[in-house]
Amino acid sequence: MKYRHRWISGDRIDLPVGKVVCVGRNYAAHIQELNNPLPDDPVLFIKPATAMVNLDQSVPLPRNRGEIHHEAEVSLLIKDTLTNASEFEANQAIMAMGLGLDLTLRDLQSKQKAKGLPWEVAKAFDNSCPLSGFVAVEHVKSPESLEFSLKVNGELRQQGTTDHMLTSIPGLLSYISRHFTLLPGDIVLTGTPAGVGPLNPGDELELTMNGTFTTQTRCT
Ligand code: ZN
């Protein structure tokens, strides 16, 4: 496995690579665009370490598996073990923030949903989690109202602000830690705003965390 956590400068972060815990349905406008009901609690799923790939190099898309959707999300790198953590403890355990794509095999997910089956196969496939480098949390301007966006071939597709989340970042981490222990080196993806759509080989992507960094890559 080639993925290693790294700072946005490219320097390696000395933490193990673990799991990615993802949160579905955390922005109201995205829930509406997929005709999903508003959840009572955060919807969680996990991507394994084999899903992670360095976004800055390229985004390798699977072939012949139907539509692959981009979901641009804020990523959190965890530095401490969290089990049944309070929101305060959870907030202290964030080492760094970045951006990631929760790539989704949307046709396959829709089929699984229609049958009432789990949709892990549509979310946890190899290379389904391209991640940007990370920025130390103390260098992120206002994490609680952080703006981020995704452009595809120069066109703005997704734009979000963390204060539009249904469950805030500390609330999410606290909730997750009641179900799965988070370990140093684990990542949390915090949900996607509206505007998800298909990606194709050759697409040029630009992800921006406002006031902090912009990163570009290409789908292959
Ligand atoms: Zn997502």
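Scroll up for the structure.
If you're wondering where the values come from, they're calculated on a predicted model, not measured in any experiment.

S.K.: So what's going on with the overall build of the chain? Residues and values would help.
M.R.: Scanning the chain from terminus to terminus reveals four helices and 15 strands. Relative to the globule expectation of 17 Å for 220 residues, the C-alpha radius of gyration of the chain, 16 Å, shows essentially globular dimensions. A principal-axis box enclosing the C-alpha atoms of the chain has dimensions of 40 × 40 × 30 Å. Relative to all contacts within the chain whose residues are 6 or more apart in sequence, the contacts with residues 24 or more apart total 76%. Put simply, the chain shows about 9,700 Å² of open surface, and 48% of that area lies on carbon and sulfur atoms. Put simply, the chain has 20 plus and 25 minus side-chain charges, and the middle of one group is 7 Å from the middle of the other.

S.K.: Describe the pattern of salt bridges, listing the residues and the values that go with them.
M.R.: Going through the model one piece at a time under the given rule, you end up with eight salt bridges. Linking Asp 102 and Lys 47 is a salt bridge whose minimum nitrogen-to-oxygen distance equals 2.8 Å. Here Lys 47 lies in strand 2 (residues 43-47) and Asp 102 lies in the loop between strand 6 (94-101) and strand 7 (104-105), a separation of 55 residues in the sequence. The partner of Glu 71 in a salt bridge is Arg 106, and the shortest N-O contact between them spans 2.8 Å. Here the residue Glu 71 occupies a position in the loop between strand 4 (68-70) and strand 5 (72-78), and Arg 106 occupies one in helix 3 (residues 106-114), the gap between them amounting to 35 residues. The same class applies to Glu 71 and to Arg 106, which are both buried. Connected through salt bridges with shared partners, the residues Lys 47, Glu 71, Asp 102, Arg 106 and Lys 123 form a single ionic network.

S.K.: Give a description of the sheet that holds strand 10 (residues 147-152) that names residues and reports values.
M.R.: Read from one edge of the open sheet, four strands run 11-10-14-15, paired in antiparallel fashion. Whereas interior strands pair on both sides, the edge strands pair on one side only; in this sheet they are strand 11 (155-161) and strand 15 (213-218). Strand-to-strand, the axes of this sheet are offset by a mean angle of 15°, without reference to chain direction. Sheet topology places strand 14 (residues 204-209) next to strand 15; six bridges connect them, and they run antiparallel. Note that in strand 15 the partner of Glu 206 across the bridge is Gln 216.

S.K.: Describe helix 4 (residues 169-177), naming the residues involved and giving the relevant values.
M.R.: The buried fraction of helix 4 amounts to nine of the nine residues, a majority that puts the element mostly inside the structure. Residues Ile 169, Pro 170, Gly 171, Leu 172, Leu 173, Ser 174, Tyr 175, Ile 176 and Ser 177 constitute the buried set of helix 4.

S.K.: So, the nonpolar core: which residues are in play, and what are the values?
M.R.: Judged by nonpolar contacts, the single largest core of 42 residues is most densely connected at Met 97 and Leu 173. For this core, the secondary structure elements donating two or more residues are strand 1 (20-24), strand 5, strand 6, strand 10, helix 4 and strand 14. Discounting residues that sit within four places of it in the chain, Met 97 has contacts with Val 74, Ser 75, Leu 76, Gly 133, Phe 134, Val 135, Val 137, Val 140, Pro 143, Leu 146, Ile 169 and Met 209. Ala 51, Leu 77, Leu 131 and Ile 187 belong to the second largest nonpolar core, which has 16 residues in total.

S.K.: Lay out helix 3 with the relevant residues and their values.
M.R.: Buried within helix 3 are the following residues: Arg 106, Gln 109 and Gln 112. Seen end-on, helix 3 carries its buried residues on one side only, within an arc spanning 120°. Of the exposed residues in helix 3, the ones pointing more than 90 degrees away from its buried face are Lys 111 and Ala 114.

Here is what the cut-offs are and how they apply
Residues numbered from 1 in each chain as written. Predicted model: local features only at pLDDT ≥ 70, side-chain atom pairs only at ≥ 80, totals over all residues. Heavy atoms only, no water. Helix = DSSP H or I, 4+ residues; strand = E, 2+ residues; numbered from the N terminus. Rg over C-alpha atoms; globule rule 2.2 N^0.38 Å. Contact = heavy atoms within 4.5 Å. Areas by Shrake-Rupley, 256 points an atom, 1.4 Å probe, with all protein chains shown as cover. Lys, Arg positive; Asp, Glu negative; His and termini not counted. Charge placed at Lys NZ, Arg CZ, Asp CG, Glu CD. Salt bridge = Lys/Arg side-chain N within 4 Å of Asp/Glu carboxyl O. Buried < 20%, exposed > 50% of the residue type's maximum accessible area, 1.4 Å probe, protein only. Pairing = 2+ DSSP bridges. Axes fitted to C-alpha atoms, helices over the stretch in contact; angles between N-to-C directions. Core = buried A, V, L, I, M, F, W, Y, C linked by side-chain atoms within 4.5 Å. Arc of directions from axis to C-beta.

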